Amino acid sequence: MKKYFLIALLFLAVFISACGDKKTEQPENAQLDSTMYVYDSTEIKAQPIEDSSVFQLAYNFSKGEKIRYRLSTISDNVQTLTTDTSITMKLHQEVVYVFDFIPKEIDQDGVVEADINILGVKLSANVNGEKFEFEAGKSQDSAQIVRFAEFLALWNNPFSIRFNKAGEVLEVFRADKIANKFFNLRNADTVDTQTKNMVKDDMVSSVLKPLVLQVIRKMPEKTLAKDSTWSIPQPPIPVMVFQLSFTNKYKIKQLEKLGDSRLAVIEAGMDYNVTGNNRVEERGVVYNFKKPVSSGEGTIYFNIDKGRIQKSKTKSFTETSFTFDATTPQGKQKGSRKETVSNTSILETL
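In this text the structure is predicted, and so the values were computed from the model without any measurement.

Let us now look at the overall build of the protein. The helix and strand inventory of the protein stands at five helices and 17 strands. Relative to the 2.2 N^0.38 estimate, which gives 20 Å for 350 residues, the radius of gyration of the protein is 22 Å and therefore close to what a compact globule would have. C-alpha extents for the protein along the principal axes are approximately 75 × 50 × 35 Å. For the protein, buried positions account for 44% of its 350 residues. In the structure as shown, the protein presents an accessible area of about 18100 Å², 48% of it carried by carbon and sulfur atoms. Taking the average location of the 46 positive side-chain charges in the protein and that of its 44 negative ones, the two points are 2 Å from each other.

Locating Ser62 in the fold gives a position in the loop between β2 (47-49) and β3 (67-82). According to the relative accessible area criterion, Ser62 is partly exposed, its value standing at 44%. Separated by 43 residues in sequence, Ser62 and Glu105 have C-alpha atoms that sit 8.9 Å apart.

Moving on, we get to unusual backbone geometry. Even without being glycine, Arg174 reaches a positive phi, approximately 65°. The residue Arg174 is located in the loop between β9 (169-173) and α4 (176-185) in this model. The phi dihedral of Arg283 falls on the positive side, at around 50°, and the residue is not glycine. Classification of Arg283 as exposed rests on a relative accessible area of 84%.

In this section: helix α5 (residues 193-215). Taking 1.5 Å of rise per residue, 23 residues should cover 33 Å, and α5 covers 31 Å from first to last C-alpha, within 8% of that figure. The largest bend in α5 is about 45°, located at Val204. For α5, the full list of buried residues reads Thr195, Val199, Asp202, Met203, Val204, Val207, Leu208, Leu211, Val212, Gln214 and Val215.

Where strand β13 (residues 261-275) and strand β15 (residues 285-303) come together, six bridges link them in antiparallel fashion. Counterpart to Ala268 in the pairing with β15 is Gly298. Where β15 and strand β16 (residues 308-328) come together, 17 bridges link them in antiparallel fashion. Across the sheet, the residue bridging to Gly296 is Ser316, located in β16.

For the rest of this paragraph, the subject is the side chain of Arg308. By secondary structure assignment, the location of Arg308 is in strand β16. Overall, the relative accessible area of 12% leaves Arg308 in the buried class. Side-chain polar atoms of Arg308 contact the side chain of Glu65, separated by 3.1 Å. In contact with Arg308, other than residues within four places in its own chain, are Tyr59, Asn60, Phe61, Glu65, Ile67, Tyr301, Phe302 and Asn303.

This next bit is on the confidence of the model for the protein. A low pLDDT means the predicted coordinates there should not be read in detail. The pLDDT averaged across the protein works out to 88; a share of 91% of its residues lies at or above 70. The lowest-confidence element of the protein is helix α1 (residues 9-17), averaging 32 in pLDDT; the highest-confidence one is β3, averaging 97. Taken together, the stretch residues 1-28 has pLDDT below 50 and engages in 68 contacts with residues farther than four places along the chain or on a different chain.

Turning our attention to the packing of aromatic side chains. Two aromatic rings are characterised by how far apart their centres lie and by the angle between their planes. In the structure shown here, the tally under the stated rule is 18 aromatic pairs. Ring geometry for Tyr59 against Phe302: centres 5.3 Å apart, planes inclined by 75°, an arrangement best described as edge-to-face. Taken together, the residues span a long stretch of sequence, with Tyr59 in the loop between β2 and β3 and Phe302 in strand β15 at a distance of 243 residues. In this structure an aromatic cluster arises from ring pairing among Tyr59, Phe61, Tyr69, Phe99, Phe101, Phe163 and Phe302.

Okay, the environment of Thr83 next. Looking at the element boundaries, Thr83 is found in the loop between β3 and β4 (86-106). Note on Thr83: relative accessible area 30%, which makes it partly exposed. Spatially, the C-alpha atom of Thr83 lies 8.9 Å from that of Arg337, the residues being 254 residues apart in sequence. Setting aside residues up to four positions removed in sequence, Thr83 forms contacts with Phe324, Gln333, Lys334 and Gly335.

Cut-offs used in this document
Residues numbered from 1 in each chain as written. Predicted model: local features only at pLDDT ≥ 70, side-chain atom pairs only at ≥ 80, totals over all residues. Heavy atoms only, no water. Helix = DSSP H or I, 4+ residues; strand = E, 2+ residues; numbered from the N terminus. Rg over C-alpha atoms; globule rule 2.2 N^0.38 Å. Buried < 20%, exposed > 50% of the residue type's maximum accessible area, 1.4 Å probe, protein only. Areas by Shrake-Rupley, 256 points an atom, 1.4 Å probe, with all protein chains shown as cover. Lys, Arg positive; Asp, Glu negative; His and termini not counted. Charge placed at Lys NZ, Arg CZ, Asp CG, Glu CD. Expected span 1.5 Å × (residues − 1). Bend = angle between axes of the 7 residues up to and from the residue. Pairing = 2+ DSSP bridges. Polar contact = N/O pair within 3.5 Å; in protein donor to acceptor, adjacent residues only side chain to side chain. Contact = heavy atoms within 4.5 Å. pLDDT = per-residue confidence, 0-100. Phe/Tyr/Trp six-rings, centres within 6.5 Å; stacked < 30°, edge-to-face > 60°.

Set out below in structure tokens:
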């Protein structure tokens, strides 16, 4: 199944190889000021305080208020394939989203329905030394509009979410509008309904929900204090021939004062377990997989008094590798493949 909205190495290679075309003005709102895309990766400058009181990390929004966020994702991917020769592909990519978060309805149980409108998207990348950039709202030629349709489909095209007070995301919806715009930009309006639904579902799982989960993170429904800890198991995910089971771990490291608000400084970490058979034979090729190596860490600043995340910076790293041994008409052939992926996400309240 093709991942239409997956921002991946192969897509970037296609983006770079495409040629220019006649300029086409886009009938959308003007792009943001360039300074809106400059992210701050430093810690919040707040005053540590001694506070032994207990509290809950519960979300608390007001109906109709508008909160502007900037989410920056920085990714590095290095792939090396070795046979008789060695080929290495290196990707560095930065994507910055600026968006408004607007609670529309809040029921008596504290379940919030909110709209998210992405006001700006900027991409910069370096693939094996070749650099390129894209920014929604700037004049693009028709080839670039097709090439970057997955970004333009998100731009000024609101979608909605529902979540509870503990930060459990219950639903991401109104994504059909984004899928429709994607096909319109690619001049593919005649695509069948099944394909459109497939694209919509993929967009929700690979782009929209990961963005939402940076703003609305699940929090424990118990009272906490400084040095409190908790953990949240995650569903297993497939990595090559293995299953990785992750557990996110958290600790309230410090309490700080920012203006009139208290911040809970949450230290994030991760444990994981790998299961699966590392040796696979298929069509005369023997593969030996090495167990993946993974790590995760970060800091989340939760505004206790306002009931929302003030800022966060989280990092993850995964390394996978395998060797293969094949019998061919030309004789024995051996090789290996190794990939490292690191991701950093920075959420800021503007």
